[in-house]
Amino acid sequence: MHDYVWQSGRVGVYKATPMDMPGPDFFTSDIRVGFRSVTKENPFSDWNMAFIGYGSGDFHTGTGDVTVTDWTGTELTFHHHGHLNFQASMHRILEAFPTVDKLLFCGESGGAFGVPALAGDVIDASPDCKDITILSDSATLQWEGWPTAARELWPSPAHIANSLQSDNLVTDWFEALYKKYGDGSARGTSIKY
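Residues numbered from 1 in each chain as written. Predicted model: local features only at pLDDT ≥ 70, side-chain atom pairs only at ≥ 80, totals over all residues. Heavy atoms only, no water.

Asks: Describe the pairing of strand E5 (residues 102–108), and please don't skip the residues or the numbers.
Replies: Looking down a regular strand, the side chains alternate between one sheet face and the other. Summarising the sheet, E5 and strand E6 (residues 131–137) pair through 7 bridges and their orientation is parallel. Directly across from Glu108, in E6, lies its bridge partner Asp137. Handedness of the β-α-β unit built from E5, helix H2 (residues 110–124) and E6 comes out right-handed. (Pairing = 2+ DSSP bridges. Helix = DSSP H or I, 4+ residues; strand = E, 2+ residues; numbered from the N terminus. Right-handed = clockwise from strand over helix to strand, strands pointing away.)

Here it is as structure tokens:
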């Protein structure tokens, strides 16, 4: 059976079988490098941080389930709930941080793909924020099937799926984001990409 496994004090992840997550989780880890460094060289060392885990295979943009048959004839259901998880996480984040002065919205690997797809939702949820930076790290994966995957497999909300026009979803999402918000000056904000 495939289901979500939630463990007290742990990040929820999609797994085929319940088991403890290997290694330290994001918030309780003693690893202090990159954004988590507490040195004076890290400009984010005194910032609040919210982490939205990734595990649904849809770059944080899915809203549905899909059942497929694998090569052995076994039916598998994949829960592409990335956008639903993102919305629930944003609700909690906005409760904790209803207003922010500066915002860095970033992701790496699978999360890096979701950053430009979801940045508009984050910008709209932060109307008083005057300094926003959008950063994707390690998001290069070209494939002509992305528009179909977003519309039919995951399925992503229309404002996310409809901006996909090429084999490069990250470029398409950043272009749509820039077309809508530009540098932010129209709303009195600085938006950096």
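On we go.
Asks: Give a detailed account of the sheet that holds E6, specifying residues and quantitative values.
Replies: Reading across from one edge, E5-E6-E7 is the order of the 3 strands in this open sheet, with parallel pairing throughout. Looking at which strands have only one partner, the edges of the open sheet turn out to be E5 and strand E7 (190–192). Taking the axes of each pair of neighbouring strands and ignoring which way they run, one obtains an average angle of 10 degrees across the sheet. Sheet strands touched by H2: E5, E6 and E7. Its angle to E5, the strand with the most contacts, is close to 150 degrees. (Axes fitted to C-alpha atoms, helices over the stretch in contact; angles between N-to-C directions. Contact = heavy atoms within 4.5 Å.)

Asks: Describe the pattern of salt bridges, with residues and values.
Replies: Side chains bearing opposite charge may pair, as long as their charged atoms lie close to each other. For the coordinates displayed, the defined rule picks out 4 salt bridges. Taking the shortest distance from any N to any O, the salt bridge between Arg92 and Glu95 comes out at 3.8 Å. Placement of the pair is Arg92 and Glu95 together in helix H1 (residues 82–96), with a separation of 3 residues, close to one helical turn. Taking relative accessible area as the criterion, Arg92 reaches 60% and is therefore assigned exposed. Put simply, Lys192 and Asp131 hold a salt bridge, and the shortest N to O gap is 2.5 Å. You can see Lys192 sitting in strand E7 and its partner Asp131 sitting in strand E6, a full 61 residues away along the chain. You can call Lys192 partly exposed: its relative accessible area is 35%. Asp131 sits in the partly exposed class, given a relative accessible area of 22%. One salt-bridge network, in which partners are shared between bridges, spans Lys102, Asp131 and Lys192. (Salt bridge = Lys/Arg side-chain N within 4 Å of Asp/Glu carboxyl O. Buried < 20%, exposed > 50% of the residue type's maximum accessible area, 1.4 Å probe, protein only.)

Asks: Can you break down helix H5 (residues 169–181) residue by residue, with the values?
Replies: Under the 1.5 Å per step criterion, the end-to-end length of H5 is 18 Å for 13 residues, consistent within 8% with the ideal 18 Å. All buried positions along H5 are accounted for by Leu169, Val170, Asp172, Trp173, Phe174, Leu177 and Tyr181. In this structure, the buried side of H5 is in contact with H2, E6, helix H3 (146–153), helix H4 (158–161) and E7. Capping of H5 at its N-terminal end is provided by Asn168; its side-chain oxygen lies 3.3 Å from the backbone amide nitrogen of Val170. (Expected span 1.5 Å × (residues − 1). Polar contact = N/O pair within 3.5 Å; in protein donor to acceptor, adjacent residues only side chain to side chain.)

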